[in-house]
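# Chain and residue survey
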Amino acid sequence: MTELDLQDLLASTSYDPMIYWILALLGIPVLSFFTSGSMKKLAPSWSSGLLGLNTLIAAYLAFQHWHQPEVLIKAPWFELGDTVFNYSFLIDRLTLIMLVLVNFVSFLVHVYSIEYMRSDKAKPRYFAYLGLFTFSMLGIVVFHNLLFIFIFWELVGLSSYLLIGFWFEKKSASLAANKAFIMNRLGDAGFLVGLMILYTQFQTLDLRVVELLMGFSEIEDGNWVITYLNAGEIVTHAIDSRWLSAAGIALFCGAVGKSAQFPLQIWLPDAMEGPTPVSALIHAATMVAAGIFLLARVFTLLDGQAMEVIAIVGAITAITAAIAALSQFDIKKVLAYSTVSQLGYMTMAMGVGAYNAGLFHLVTHAFFKAGLFLTAGIIIHQLHKLETDEVKFDAQDMRVMGGLKNKMPLTFICFLICALALSGIPAFSGFLSKDAILLNVHAWAIEKGGGYYMFDLMAFATVILTSFYIMRVVFLVFTGSFRLPKLSNSPDIENGLKEGNKWLTTPALILTALSISLVFGFTMNAEHSWFSESLITPLTEVPASFAAPAQAALLASAGDIHAVITAVSIVLALAGLLSAYLLYKPGAKLAERFDEKREPLSPLVQVSFYHWYMDVLYTHVILKFILTQSKMLAWFDEKILDGCVNQLARAQVVLAHLVSMFDRFIIDGFVHLTAYTTGKVGQLTRSIQTGNVQTYILSALAMLILLLLWFAF
Amino acid sequence: MPVEHLLFLGAALFCIGLLVVLTRKNAIAVLIGIELMLNASNINLVAFSHFDPDMLQGQIFALFVITVAAAEAAVGLAIVVKVYQYFQTADLDQLNQLKG
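Residues numbered from 1 in each chain as written. Chains lettered and ligands numbered in written order. Predicted model: local features only at pLDDT ≥ 70, side-chain atom pairs only at ≥ 80, totals over all residues.

### Observations regarding the overall build of chain A
Going by this rule: Put simply, DSSP marks the helices as runs of H or I at least four residues long and the strands as runs of E at least two long, and each gets a number from the N terminus on. Atoms counted for the radius of gyration: C-alpha only. Globule rule: 2.2 Å times the number of residues to the power 0.38. Whether a residue is buried, exposed or partly exposed follows from its count of other C-beta atoms within 10 Å of its own C-beta, namely 20 or more, 12 or fewer, or something in between, respectively; the C-beta atoms are built from the backbone.
Within chain A, the regular secondary structure consists of 28 helices and five strands. For a compact globule of 713 residues, the expected C-alpha radius of gyration is about 27 Å, and chain A comes in at 37 Å, more than 25% above that figure. If you line up chain A on its principal axes, its C-alpha atoms span 155 × 80 × 55 Å. Within chain A, buried positions represent 48% of all 713 residues.

### Some words on the overall build of chain B
Note the following rule: It is the C-beta atoms, placed from the backbone, that decide contacts: two residues are in contact if theirs lie within 7 Å.
Of regular secondary structure, chain B possesses three helices and zero strands. In chain B, the order of α-helices and β-strands from amino to carboxyl end is α-α-α. Against the 2.2 N^0.38 benchmark of 13 Å for 100 residues, chain B shows a C-alpha radius of gyration of 17 Å, more extended than a compact globule. Taken along its principal axes, the extent of the C-alpha atoms in chain B is 50 × 25 × 25 Å. Looking at chain B residue by residue over its 100 residues, the buried ones come to 9%. Long-range pairs, those at least 24 residues apart, make up 49% of the contacts in chain B between residues at least 6 apart in sequence.

### Details of the packing of helix H4 (residues 93-116) of chain A against helix H11 (residues 276-285) of chain A
Residues and elements named next belong to chain A. Filter applied, for reference: For helices, the axis comes from a line fit to the C-alpha atoms of the stretch in contact; other axes are also lines fit to C-alpha atoms, and the angle between any two N-to-C directions lies between 0 and 180 degrees. Here is the rule for angles: anything less than 35 degrees is roughly parallel, anything more than 145 is roughly antiparallel, 65 through 115 is roughly perpendicular, and the remaining ranges are oblique. Left-handed is the label given to a crossing in which the near helix is rotated counterclockwise from the far helix by less than a right angle, and right-handed is the label when the rotation is clockwise. Throughout, the ten residues Ala, Val, Leu, Ile, Met, Phe, Trp, Tyr, Cys and Pro are labelled nonpolar, Asp, Glu, Lys and Arg are labelled charged, and all others, Gly among them, are labelled polar.
Direction vectors running N to C along H4 and H11 enclose 165°, while the axes themselves pass 8 Å from each other. Taken together, H4 and H11 sit at an angle that is classed as roughly antiparallel. By crossing handedness, the relation of H4 to H11 is classed as right-handed. Where H4 approaches H11, its residues Val105, Ser106, Val109, Tyr112, Ser113 and Tyr116 are matched on the opposing element by Thr276, Pro277, Ala280, Leu281 and Ala285. A breakdown of the residues in the contact of H4 with H11 according to their chemical character gives eight nonpolar, three polar and no charged.

### Some remarks on the pairing of strand S2 (residues 83-91) of chain A
All names here are of chain A. Our working definition: When DSSP finds two or more bridges between a pair of strands, those strands are recorded as paired.
Sheet analysis places strand S1 (residues 71-80) next to S2, joined by nine bridges and oriented antiparallel. Note on S2: the bridge partner recorded for valine 71 is isoleucine 91. Between S1 and the antiparallel strand that follows it, S2, lie two residues; glycine 81 among them carries a positive phi value of about 65°.

### Things to note about helix H7 (residues 171-202) of chain A
Put simply, the rule reads: Each residue after the first adds 1.5 Å to the expected span of a helix.
Taking 1.5 Å per residue as the helical rise, H7 of chain A with its 32 residues ought to reach 46 Å, and the 46 Å between its terminal C-alpha atoms agrees with that figure. Remark: glutamine 203 of chain A follows H7 of chain A within two positions and exhibits a positive phi of approximately 60°.

### Observations concerning the interface of chain B and chain A
Each partner contributes residues to the interface: chain B has nine residues there, and chain A has nine residues. Across the side of chain B that touches chain A, the residue classes tally to four nonpolar, three polar and two charged.

### Concerning the environment of lysine 333 of chain A
Of note, lysine 333 of chain A is situated in helix H14 (residues 331-351). When the C-alpha atoms of lysine 333 of chain A and serine 279 of chain A are compared, they prove to be 11 Å apart, with 54 residues separating the residues in sequence.

### Overview of helix H19 (residues 453-478) of chain A
Taking 1.5 Å per residue as the helical rise, H19 of chain A with its 26 residues ought to reach 38 Å, and the 38 Å between its terminal C-alpha atoms agrees with that figure. Residue glycine 480 of chain A follows H19 of chain A closely and has a positive phi angle near 75°.

### Description of the sheet that holds strand S5 (residues 233-240) of chain A
Sheet strands pair by backbone hydrogen bonding; their relative direction is either parallel or antiparallel. Residue and element names in this part refer to chain A. The strand order across the open sheet formed by three strands is S3-S4-S5, and the pairing between neighbours is antiparallel. Each having just a single partner strand, strand S3 (218-220) and S5 make up the two edges of the open sheet. Averaged over all pairs of adjacent strands, the angle between their axes in this sheet comes to 35°, without regard to strand direction.

### Thoughts on the packing of H14 of chain A against H19 of chain A
Residue and element names in this part refer to chain A. Contact pair H14 / H19: the axes reach a minimum separation of 11 Å and the direction vectors enclose 160°. Between H14 and H19, the crossing angle belongs to the class labelled roughly antiparallel. Crossing of H14 against H19: the hand is left-handed. Facing H14, whose interface residues are Ile331, Val334, Ser338, Ser341 and Met348, H19 presents Ala459, Thr462, Thr466, Tyr469, Ile470, Val473 and Val477. Grouping the constituent residues of the contact of H14 with H19 by class yields eight nonpolar, four polar and no charged.

### Quick word on the nonpolar core
All names here are of chain A. Put simply, the rule reads: Think of a nonpolar core as buried Ala, Val, Leu, Ile, Met, Phe, Trp, Tyr and Cys residues, each tied to the set through C-beta atoms within 7 Å.
Counting 220 residues, the largest nonpolar core has Val105, Ile140, Ala290, Leu295, Met348, Ala370 and Val477 as its most contacted members. The element that contributes the greatest number of residues to this core is helix H15 (residues 355-384), accounting for 18 residues. Look past the residues within four positions of valine 105 in its chain and what remains in contact with it is Leu281, Ala285, Thr286, Ala366 and Ala370.

### A closer look at the confidence of the model for chain B
The following threshold applies: A score between 0 and 100, pLDDT records how confident the predictor is in each residue.
Summing up the model confidence of chain B, the mean pLDDT is 89 and the portion of residues at 70 or higher is 99%. Listed scores for the predicted complex are pTM 0.78 and ipTM 0.87.

### A closer look at the environment of serine 517 of chain A
Residues and elements named next belong to chain A. Tracing the backbone through its elements, the reader meets serine 517 in the loop between helix H21 (502-513) and helix H22 (530-534). Here the alpha-carbon distance between serine 517 and alanine 421, two residues 96 residues apart in the chain, equals 8.5 Å. Apart from the residues within four sequence positions on either side, serine 517 is in contact with Ala427, Phe428, Ser429, Phe431 and Leu432.

### Overview of unusual backbone geometry
With an omega dihedral of 5°, the bond running from phenylalanine 262 of chain A to proline 263 of chain A counts as a cis peptide bond. Positionally, proline 263 of chain A belongs in the loop between helix H9 (242-258) and helix H10 (267-270). Despite not being glycine, alanine 260 of chain A has its phi angle at roughly 55°, a positive value. Judged by C-beta crowding, with 32 C-beta atoms within 10 Å, alanine 260 of chain A ranks as buried. One non-glycine residue, glutamine 88 of chain B, lies in the positive phi region at around 60°. With respect to the helices and strands, glutamine 88 of chain B occurs in the segment after helix H3 (57-87).

Printed below as a string of structure tokens:
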């Protein structure tokens, strides 16, 4: 029981000038969306300029408000009967970090795209979509109302769909866009269910109010009970306590879709059909981070069971995707699977309660993965220029690359540093955040014990896999000899290959610089980075009997193993690096035979190459099941329902015929008979009226005579 | 002269007139037949006035009948002329527009 009144909680906050900054942050990308679509030559520089301005605003806000208390702005949006729907903004440190991250990466991608999309005819549309995407993502970040987050969540899904399908003339691109959209819808359906559960219980979707009321809810006799005042009246609402876990898992479903977690992760590798800068922005740095961000926002509402589901799903995603990345030929596919795998790490971190570590990895990953994508984009872009009418090849295929180190030294350095960050080698940012996650996962496994060590093992195994697959790319792409001249039988082709120009390399260099661990603090321990020190893990608000154990307590007991964990993770990363070197160094057997390989023959490699046959599973099992079911339903519809309707119609027609016969013969018969009789009588009487005067006179005379005779006798 | 003779004459004349009215096709002939019948009635009126003490009422009435007959003939002939103009015939067998 709380003395808090829901109406007071939902009341508007007093005026705060921050609202103008928020409106500016949201408005500028919208402006870019609405204006750059109709521009021609100016669109790239105009929208990049706008995003640069937005980045400046975000950076200014971050510096101004970093040490200020959080700002919460609340006001009514619309009323439905007695129910008031609020909108609310929250500016806290997490929001500021995300504002800077989204705007900054988006700005770099804009700048990079100026060169990358230079020869594309539809580039105004491209930049407009980028604006729409940035707007949607910023909406998720600044709003603190689940309804609004959901609205912007859908907008992010839409802009992702538009950008994946940007080259919609290509069948595969439009199919990939559809796939991403549908897979996201599946997750969003879960998200919506979560919103419904929360709304049913608390009658509001304002996150701050939901958190507050959640803190006052209790578990009584297996029921989840909340009692509060609503306009002075006591309101008690109780539902089965399982809904509490269901709400957390349902909200997580949204994150599963957007952050490409098992089992909906199959859309992300296909999303690589979009332009490479888009892959960097959306499918590596920001959009896929929305799921993690959502988990952070609803962190206090997640109960122990939901957290466990989240951790397990994250672990499964991390290892399956890392295995899939081992054997790909397409450079972007490797990075895509790597993204899925790293998102699995972040999800796992959230699931084990490592709020800081998850968000830290989100930020470091955003920088080094965007860097990897942009450098891969440079390679693809430069290789594309070699394509002529005679020489056709797939510019994303690593089989045509090799030895690019000498041709593109700057790109090589950027890629290498970002790859080292991804592998978790000390001195690079990925090491710090991944180390923090591994420590937390291990502490979690110790607490849970038994089978949970399996997920711990998965997390550690992913480290070695990660450094192996990314170093494989480094060795195959940058060392050895350039394979394209040999494959295309045109030895002179390599002379055309040049380093990307400054529009391409500058954003990549900036992102590379941000992948160095010094950016986050002069330390080997994530806990001592400014990032972890400045974010406070929020305390769970769910009733105590359902709450997950606080991670801080676990870490305290596991603190002494930190050094061991760090050592193990470094050794594993180095082992991955070394094995990749041994297998794929110039002159090694696998590297020499690499260009001959068409399709892996060994079943184990095939499992990796086809991503655990997930796509096949979807098409052959789930799709087939759905199609068969639809066919059955169609049959039922056609034969049974339509049959019934048709038979009914036929019966009615027969009945109608009978009625018409009754009408025709009986009713009409009477009418006709009457008319006939009348006609006959009329004919009879009119035969007297001959029209001949003399006849009349004669009959009058005859009558007179008869009358006289009658009088006489 | 006994009155019976006059009555026989009147009756004969009436029958002739009636026969003319009933049998003749021409409208003018019919009108002539009507005149005969009127004159037969005049003969009767004059004959019966013999029993009147003043011996005048029947004769005066006969004079009225003659006047009315003249008027009737004028109207009848005018109608016949109009009928002839309209139908281009005065044949009563063909003037049966009122046949039902």
